[in-house]
Amino acid sequence: MTQTRETVETHYHPASAPDYIPTPMLKKLQLERLQAIVRRAYDNVGLFRRQLDERGLAPSDMTCLDDISRLPFTVKHDLRDNYPFGLFASPMQEVVRLHASSGTTGKPIVVAYSREDVDVWTNAMVRTLASCGLSKGDIAQNAYGYGLFTGGLGFHYGAEGLGATVIPISGGNTDRQIMVMKDFGVTAIFCTPSYFVHMIERAGELGVDMRELPLRVGVFGAEPWSDSMRRHIESHTRIKAYDIYGLSEITGPGVATECACQNGLHVFEDHFYPEIVNPETGETLPEGQEGELVLTTLSKRAMPLLRYRTRDITAFIPEPCECGRTLRRIHRISRRSDDMFIIRGVNVFPSQVEAALLAVEGTLPHYEIVLTREKGLDAMEVQIEVTPEFFSDKIGALEDLQGRLVQALDHVLGIRVHVRLVEPHSIQRSEGKAKRLIDRRNLV
Ligand code: DLL
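Within every chain, residues take consecutive numbers counted from 1 along the sequence as written. Per-residue local features of the predicted model are confined to residues with pLDDT of at least 70, and side-chain atom pairs are confined, for both listing and counting, to 80 or more; whole-chain, interface and lining totals are unaffected and use all residues. Side-chain metrics in this entry use all non-hydrogen atoms of the structure; hydrogen atoms and water are not considered.

## Considerations on the overall build of the protein chain
Turning to step 1, where the next piece is worked out: Each helix is a run of H or I in the DSSP string that is no shorter than four residues. Each strand is a run of E no shorter than two, and both are numbered from the N terminus. Broken down by element type, the protein chain carries 12 helices and 21 strands.
Turning to step 2, where the next piece is worked out: Along the longest, intermediate and shortest principal axes, the C-alpha atoms of the protein chain span 70 × 55 × 40 Å.
Turning to step 3, where the next piece is worked out: Partly exposed describes any residue whose relative accessible area lies between the buried limit of under 20% and the exposed limit of over 50%, with all areas from a 1.4 Å probe on protein chains only and scaled to the type maximum. Counting over 444 residues, the protein chain shows a buried share of 55%.
Turning to step 4, where the next piece is worked out: Any two residues having at least one pair of non-hydrogen atoms within 4.5 Å are treated as being in contact. Pairs at least 24 apart in sequence give 65% of the contacts found in the protein chain among residues at least 6 apart.
Turning to step 5, where the next piece is worked out: We get accessible surface area from the Shrake-Rupley algorithm with a probe of 1.4 Å; when it comes to residues, only the shown protein chains can shield them. Of the roughly 19,400 Å² of accessible surface on the protein chain, 51% is carried by carbon and sulfur atoms.
Turning to step 6, where the next piece is worked out: Only four residue types enter the charge count: Lys and Arg as positive, Asp and Glu as negative, with His and the chain ends excluded. Where a charge lies is defined by one atom per residue type, namely NZ (Lys), CZ (Arg), CG (Asp) and CD (Glu). Within the protein chain, one finds 50 positive and 58 negative side-chain charges whose respective centroids are separated by 3 Å.

Okay, here's the thing in structure tokens:
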């Protein structure tokens, strides 16, 4: 859905001014910041100094923005190998905050913020929330987890910075979330999209109709979600559901956000320089082509990262946005280059499965993909919850639904997979990032 600038920019916040910076000015600013950050990384971080020296590169070689492609990539392993503080560019006396992101295995990765870094992050979050239509006067329920995860505090500082009223409820305890939402007159909710789907469901069970609450905006991120999930959320409530993207390594939430047009995410390019590369070769791709998002922090002091490989797959949207922002947009991130699995020789991404399932009427957005190994062969089963009406219907209707789901998956993936319809509530609900893939292949 697209709207014109007049209808969408109801509240302009002064912090949003850089969102509209003329492109030549932005490029000049980016180059100045790139030169400074490469210098800072080289002078203060052993890894970057070694990597640049190995390539015979000096910070002074950054003479234009295209020179960024001469810099080496940084990968998650570099953060693990330098655990916990090996990539800090500031002395500990200047580090005012640490966060950590738990990996799938082993030690977490640790990220550091100076006073200025917290201010830049807060500013990016104020711009994010303003872009999602929030303003002073909104009552915001922050159900992202507070703690080492960047979600809770990132949104907290942003919403306070905007002048909204923050309810720092954190994740979990869903019945209390719904009570607070109703009793405190909440107008904005922040949490993962999967957790909000759970809240809608629980509210229904408690006899609370979200359509009758003042709730009008949802800012959802930290995990992939789809347009069909957005339609599900928007049709069960009165809210406009916005996508927000970020990652701990770069700052946390607030790297990119949707605007009122809900058509791609504007990257805060004045602080985070984006590139899209071929995930296999690392080559920079032409504008519009899909590939891996690579980000360079342009203003980070305590822990700058050069050309960080996010593993997130997206593409730039070349056309300017109707909202008037000059910041480039990326498509919503539906998958990561490392969450692909191979079944009978076919590459499968969980997001393809979600798209196929949710397009079939009678299903709920609660599903799990279970991978097993039988006699040396990988097998995939998709378990999906069915609406209560469907479940109480005749066996014939269920069989028909199952057949349609197998067909829909076959159509998208090109292979026949096993589908199991399960009763409402049988799949565990998430209060943070949902775990959709259960891989039992190495257990046998
Ligand atoms: O998830 C930061 C965040 C908090 C973003 C709250 C948005 C809202 P990490 O835990 O380090 O940080 O996880 C980062 O999550 O590389 C993506 O793979 C995924 N991700 C984050 N936002 C989105 C999104 C936070 N909107 C990793 N769509 C990233 C798809 C997302 N994936």
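## Observations regarding the packing of aromatic side chains
Turning to step 1, where the next piece is worked out: Only Phe, Tyr and Trp rings take part, Trp by its six-membered ring, and two of them pair if their centres are within 6.5 Å. Stacked means planes under 30 degrees apart, edge-to-face means over 60, and tilted covers everything else. By the definition in use, this model includes seven aromatic pairs.
Turning to step 2, where the next piece is worked out: For the ring pair Tyr113 and Trp121, a centre distance of 4.9 Å and an interplane angle of 15° mean the geometry is stacked.
Turning to step 3, where the next piece is worked out: On the basis of relative accessibility, which here comes to 0%, the residue Tyr113 falls in the buried class.
Turning to step 4, where the next piece is worked out: Of the residues examined, Trp121 reaches a relative accessible area of 3% and is grouped as buried.
Turning to step 5, where the next piece is worked out: Both rings, one in Tyr144 and one in Phe155, keep their centres 4.5 Å apart while their planes meet at 25°; by these two values the pair is stacked. Pair noted here: Tyr144 is in the loop between strand 3 (139-142) and helix 6 (150-162) and Phe155 is in helix 6, with a separation of 11 residues, a long-range link.
Turning to step 6, where the next piece is worked out: Residue Tyr144 is classed as buried on the basis of its relative accessible area of 4%.
Turning to step 7, where the next piece is worked out: The criterion for a charge sitting over a ring is simple: Lys NZ or Arg CZ within 6 Å of the ring centre, and within 35 degrees of the ring normal. The ring of Phe73 carries the charged tip of Arg309 above its face, separated from the ring centre by 4.7 Å.
Turning to step 8, where the next piece is worked out: Directly above the ring of Trp225 sits Arg332, whose terminal nitrogen or CZ lies 4.6 Å from the centroid.

## A look at the pairing of strand 3
Turning to step 1, where the next piece is worked out: Strands are labelled as partners when DSSP assigns at least two bridges between them. Examined bridge by bridge, strand 3 and strand 4 (residues 165-167) share three bridges and lie parallel to one another. By the bridge assignment for strand 4, Ala140 is matched with Val166.
Turning to step 2, where the next piece is worked out: The handedness rule is simple: strands pointing away from the viewer, and a clockwise path from the first strand over the helix to the second, make the crossover right-handed. In this region the chain leaves strand 3, passes through helix 6 and returns to the parallel neighbour strand 4; the handedness of that crossover is right-handed.
Turning to step 3, where the next piece is worked out: As defined by bridge partners, strand 3 adjoins strand 5 (residues 188-191) across three bridges and the pair is classed as parallel. Of the residues in strand 5, the one forming a bridge with Gln141 is Ile189.

## Some points on helix 9 (residues 227-236)
Turning to step 1, where the next piece is worked out: Listing the buried residues of helix 9 in full gives Ser228, Met229, Arg230, His232 and Ile233.
Turning to step 2, where the next piece is worked out: Where helix 9 is buried, its residues contact helix 8 (193-205), strand 6 (217-221), strand 7 (240-247), helix 10 (350-358) and strand 18 (363-374).

## Some thoughts on the nonpolar core
Taken as a class, soluble globular proteins show a tendency for nonpolar side chains to be buried jointly.
Turning to step 1, where the next piece is worked out: The term nonpolar core refers to a set of buried residues drawn from Ala, Val, Leu, Ile, Met, Phe, Trp, Tyr and Cys, joined through side-chain atoms within 4.5 Å. In terms of nonpolar packing, the biggest core is built from 74 residues, with Leu134, Phe190, Val219 and Tyr245 touching the most fellow members.
Turning to step 2, where the next piece is worked out: What Tyr245 contacts, discounting residues up to four positions off in sequence, is Pro253, Gly254, Val255, Ala256, Leu265, Leu293, Leu295, Thr310, Asp312 and Ile333.
Turning to step 3, where the next piece is worked out: Of all hydrophobic cores here, the second largest spans 26 residues; its members include Ile343, Leu405, Val419 and Leu421.

## Examining the site of the ligand
Turning to step 1, where the next piece is worked out: Any residue with a heavy atom positioned within 4 Å of a molecule or strand is treated as near that molecule or strand. Close contacts around the ligand come from 21 residues, with Asp243, Ile244, Ser248, Asp312 and Lys433 the closest.
Turning to step 2, where the next piece is worked out: With respect to the ligand, the backbone of Ile244 contributes an N or O atom lying 2.7 Å from a nitrogen atom.
Turning to step 3, where the next piece is worked out: When the free accessible area of the ligand is taken as 610 Å², the share hidden by the protein chains comes to 93%.
Turning to step 4, where the next piece is worked out: Among the secondary structure elements, those contributing two or more residues to the shell around the ligand are helix 6 and strand 7.
Turning to step 5, where the next piece is worked out: Among the elements that line the shell around the ligand, the one with the most residues is strand 7, at five residues.
Turning to step 6, where the next piece is worked out: Here the residues of the shell around the ligand are counted per class, giving 10 nonpolar, five polar and six charged. Two N or O atoms form a polar contact when they lie within 3.5 Å of each other; inside protein one atom must be a possible hydrogen donor and the other a possible acceptor, and for residues adjacent in sequence the pair counts only when both atoms belong to side chains. Any residue outside Ala, Val, Leu, Ile, Met, Phe, Trp, Tyr, Cys, Pro, Asp, Glu, Lys and Arg is labelled polar, Gly included; the first ten of those are nonpolar and the last four are charged.

## Describing helix 7 (residues 174-183)
Turning to step 1, where the next piece is worked out: Of the residues making up helix 7, those classed as buried are Thr174, Gln177, Ile178, Val180 and Met181. All buried residues of helix 7 project into a common sector of 165° when viewed along the axis, lining one side.
Turning to step 2, where the next piece is worked out: If you follow the buried residues of helix 7, they end up packed against strand 3, strand 4, strand 5 and helix 8. Note: the arc covers the axis-to-C-beta directions of the helix.

## Quick look at the pattern of salt bridges
Charged atoms that come close allow side chains of opposite charge to pair.
Turning to step 1, where the next piece is worked out: What counts as a salt bridge is simple: a side-chain nitrogen of Lys or Arg found within 4 Å of a carboxyl oxygen of Asp or Glu. Under the defined criterion, the tally for this structure stands at 33 salt bridges.
Turning to step 2, where the next piece is worked out: Between Glu116 and Arg301 there is a salt bridge; the shortest N-O distance is 3.9 Å. One end of the pair, Glu116, is in helix 5 (residues 115-131); the other, Arg301, is in the loop between strand 11 (291-297) and strand 12 (308-314), with 185 residues separating them in the sequence.
Turning to step 3, where the next piece is worked out: Of the charged contacts, one joins Asp312 and Arg336 as a salt bridge, the two residues approaching to 3.1 Å between their closest N and O atoms.

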